[in-house]
Amino acid sequence: MKTQVAIIGGGPAGLLLSQLLDLHGIESVVLERRSRDYVLSRIRAGVLEQGTVDLLRAADVGARMDRQGEIHDGVEISWHDERLNIDIKSLTGRGVMVYGQTEVTQDLYAARDARGGTVLHEAEVTAIEGVEGDGVTVHFTHEGEAKTLTADFVAGCDGFHGPSRKAIPESHRQEFERAYPFGWLGLLSETPPAAPELIYAAHDRGFALCSMRSPTLSRYYVQVPLSEKLEDWPAERFWDELRTRIPADVAETLVTGEPLEMSIAPLRSFVSEPMRHGRLFLAGDSAHIVPPTGAKGLNLAASDVYYLHRAFDRFYNHGTSEGLDAYSETALSRVWKCERFSWWMTSMLHDFPETGAFERRMQRAEFEYLQMSETARKSFAENYVGLPY
Ligand code: FAS
Ligand code: PHB
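Residues numbered from 1 in each chain as written. Chains lettered and ligands numbered in written order. Predicted model: local features only at pLDDT ≥ 70, side-chain atom pairs only at ≥ 80, totals over all residues. Heavy atoms only, no water.

The protein chain appears in an unreviewed UniProt entry as 4-hydroxybenzoate 3-monooxygenase from Thioclava electrotropha.

**Thoughts on the site of ligand 2**
Close to ligand 2 lie 14 residues; Tyr-200, Ser-211, Arg-213, Tyr-221 and Pro-292 are nearest. Between Arg-213 and ligand 2, the recorded distance is 2.6 Å, taken from a side-chain N or O atom to an oxygen atom. Note that an oxygen atom of ligand 2 is positioned 3.0 Å from one of the backbone N or O atoms of Thr-293. In isolation ligand 2 has 280 Å² of accessible area, and contact with the protein removes 97% of it. Listed by contribution, the elements that provide at least two residues to the shell around ligand 2 are strand S14 (208-214) and strand S15 (217-225). Per element, the largest residue contribution to the shell around ligand 2 is 3 residues, and it comes from S14. (Near = heavy atom within 4 Å. Polar contact = N/O pair within 3.5 Å; in protein donor to acceptor, adjacent residues only side chain to side chain. Areas by Shrake-Rupley, 256 points an atom, 1.4 Å probe, with all protein chains shown as cover. Helix = DSSP H or I, 4+ residues; strand = E, 2+ residues; numbered from the N terminus.)

**What to know about helix H7 (residues 235-245)**
What H7 keeps buried is the set Ala-235, Phe-238, Trp-239, Glu-241, Leu-242 and Arg-245. Along the axis of H7, the buried positions cluster into a sector of 165 degrees, meaning they face one direction only. (Buried < 20%, exposed > 50% of the residue type's maximum accessible area, 1.4 Å probe, protein only. Arc of directions from axis to C-beta.)

**What about the site of ligand 1?**
Taken together, 30 residues sit near ligand 1, with Glu-32, Arg-42, Arg-44, Gln-101 and Asp-285 positioned nearest. Within the backbone of Leu-31, one N or O atom sits 3.5 Å away from a nitrogen atom of ligand 1. Protein contact buries 87% of the 980 Å² of open area that ligand 1 shows by itself. Those elements giving two or more residues to the shell around ligand 1 turn out to be helix H1 (12-23), strand S9 (123-129) and helix H9 (297-318). A class-by-class count of the residues in the shell around ligand 1 yields 14 nonpolar, 7 polar and 9 charged. (Nonpolar A, V, L, I, M, F, W, Y, C, P; charged D, E, K, R; others polar.)

**Considerations on the layout of surface pockets**
In this model, the second largest pocket occupies a volume close to 240 Å³. Those elements that place two or more of their residues in the lining of the second largest pocket are helix H10 (322-349) and helix H11 (357-372). A per-class count over the lining of the second largest pocket returns 5 nonpolar, 3 polar and 2 charged. (1 Å grid on protein atoms, 1.4 Å probe; cavity = no way out; pocket = protein on both sides within 12 Å on 5 of 7 lines; lining within 4 Å. Points joined across faces, edges and corners; volume = space filled by probe spheres on them.)

**Let's talk about the pattern of salt bridges**
Applying the stated criterion to the full structure yields 27 salt bridges. Notably, a salt bridge pairs Glu-241 with Arg-205, separated by 2.7 Å at the nearest N-O pair. Of this pair, Glu-241 sits in helix H7 while Arg-205 sits in the loop between strand S13 (199-202) and S14, and the two are 36 residues apart along the sequence. In this structure, the salt-bridge partner of Arg-243 is Asp-240, at a minimum N-O distance of 3.0 Å. (Salt bridge = Lys/Arg side-chain N within 4 Å of Asp/Glu carboxyl O.)

**Quick look at the UniProt feature "domain: FAD-binding" (unreviewed entry) in the protein chain**
The positions UniProt marks with the feature "domain: FAD-binding" (unreviewed entry) are residues 2-342. Between the end C-alpha atoms of residues 2-342 the distance is 39 Å, and the span holds 33% helix and 34% strand. (UniProt positions renumbered as here; feature names shortened; annotations may be inferred.)

**Thoughts on the side chain of Lys-296**
Looking at the secondary structure, you find Lys-296 in the loop between strand S19 (288-289) and H9. The residues contacting Lys-296, other than those within four sequence positions of it, are Glu-49, Val-290, Cys-338, Phe-341, Ser-342, Asn-383, Tyr-384 and Gly-386. (Contact = heavy atoms within 4.5 Å.)

**So, the sheet that holds strand S6 (residues 82-86)**
With mixed pairing, 8 strands are arranged side by side in an open sheet as S6-S5-S13-S14-S15-S12-S16-S19. Here the strands that pair on one side only, and so sit at the sheet edges, are S6 and S19. Both strand S5 (residues 75-79) and S6 contribute to a ladder of 5 bridges, which runs antiparallel. Looking at the pairing, Val-75 lines up with Ile-86 of S6. (Pairing = 2+ DSSP bridges.)

**Some details on the pairing of strand S10 (residues 136-142)**
Across the two faces of S10 the burial differs, with Val-136, Val-138, Phe-140 and His-142 buried and Thr-137, His-139 and Thr-141 not buried at all. Between S9 and S10, which pair antiparallel in sequence order, lie 6 residues; one of them, Gly-130, sits at a positive phi of approximately 85 degrees. Both S10 and strand S11 (residues 145-156) contribute to a ladder of 7 bridges, which runs antiparallel. Across the sheet, Val-138 pairs through a bridge with Leu-149, a residue of S11.

**Some points on the packing of H1 against H9**
When two helices pack together, their arrangement is given by the angle between their axes and by how far apart the axes lie. Packing of H1 against H9 brings their axes to within 9 Å, and their N-to-C directions diverge by 30 degrees. The angle between H1 and H9 falls in the class roughly parallel. Relative to H9, H1 is oriented so that their crossing is right-handed. Each of Pro-12, Ala-13, Leu-16, Leu-17, Leu-20 and Leu-21 in H1 lies in contact with H9, whose residues at this interface are Leu-298, Ala-301, Ala-302, Val-305, Leu-308, His-309 and Phe-312. Looking at the contact of H1 with H9, its residues break down into 12 nonpolar, 1 polar and no charged. (Axes fitted to C-alpha atoms, helices over the stretch in contact; angles between N-to-C directions. Parallel < 35°, antiparallel > 145°, perpendicular 65-115°, else oblique. Left-handed = near helix turned anticlockwise from the far one by under 90°.)

**Considerations on the nonpolar core**
Formed by 68 residues in total, the largest nonpolar core has its most connected members in Leu-31, Leu-48, Val-154, Leu-308 and Phe-312. Looking at this core element by element, the count peaks at 9 residues for H9. The residues touching Leu-48, leaving out its near neighbours within four places in the chain, are Val-53, Leu-56, Met-65, Val-96, Met-97, Tyr-99, Val-104, Leu-298 and Asn-299. Grouped together as the second largest cluster of nonpolar side chains are 35 residues, Phe-182, Trp-184, Phe-207 and Tyr-384 included. (Core = buried A, V, L, I, M, F, W, Y, C linked by side-chain atoms within 4.5 Å.)

**Observations regarding the side chain of His-288**
As for its placement among the helices and strands, His-288 is situated in strand S19. Since its relative accessible area comes to 2%, His-288 is described here as buried. Engagement of the side chain of His-288 in a polar contact is seen with the side chain of Asp-304, the distance being 2.5 Å. Setting aside its immediate chain neighbours within four residues, His-288 contacts Phe-270, Val-271, Met-275, Leu-300, Ala-301, Asp-304, Val-335 and Glu-339.

What follows is the structure, given as structure tokens:
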């Protein structure tokens, strides 16, 4: 097989890149190691920045999002029973779109199918050759056979555990990581949301988040130690813990139900530099991970794809490699600012067992500063709605 851009990974980054390249007349092939059902079964992000919304519309995959997504003009932060509403719309002129990553991915698959895009499932990439040469060869297994895909370039959109990042020699790669001593236990339920806005709840017992997917589908998280096992968390125990950590007046009216899905995700901050090596370009989780507190993971994948598809358009349709040469530096500049916000929000709201009374006072001071200062709330809001591309 041969194409212009080989894309490893059929998650949001890989699919969105393939769709945008197609709209600019650039050929690509997406190699995804899992089945489509498996990819769509993963429950992940829920909040889209305006930049992501605009990009999905530009990619001609925004119609269902515009019908079914919910624009939110505010978000809440609570500290025990104290509730602080941050009016992100009045502070920045923008809101955020609540529309699940599963739906985004479904829309992207449908769009690729409609345009006859090539997305191979259960096609696991095993090696990437030639990134420093005149063309790349991607080795993959598919339908029990070893196959190859040759291309001008390869986009590594294969997530944190994929092979593309490691195709950059260690001597040319620098990794930065902060692993958090806890994870998020998530629950999806067919129940009405706990409150009109998302609530990020700080509590001495640990962080909790009340989110949603629609007026009848809710998503909740509670911070748990990394040692926790899913089998030790029956739904009743989850609901009891959530009610303890969220403001009492919200807990009183919380509608609980049987979980449609429960999962535990570890939290980490991670960046691998550079995001380009020769003919290999990294986009999304293959290059960086943020703790989901700031709702930035999926949105960073979108901004990477924004920069990368424009760079390929300039190369193939305007004969200049300037965009490709600037990609890593441009993408990393936004990545690091989003890493900072996600780290800051995680540090403010979670219980860090090993830290002392001083750090707990610092967390409380951050909350009180948000309470008293419109400037602090404006800074929070401009990061939460999404920094400019
Ligand atoms: P993805 O990981 O989505 O996609 C990478 C794809 O590459 C996968 O489908 C994988 O199967 C494929 N792949 C890997 N190796 C391959 C190989 N060798 N060959 C072929 N294909 C290969 N973000 C938020 O904003 N909010 C959240 O609440 C949130 N929760 C999350 C929970 C979990 C458990 C995880 C892991 C992430 C979460 N994220 C969240 C972040 C998440 O949404 C990512 O930012 C988003 O999926 C990034 O998309 P991609 O970069 O496309 O990576
Ligand atoms: C979600 O709805 O899954 C969600 C929302 C906001 C976050 C993280 C996750 O910050």
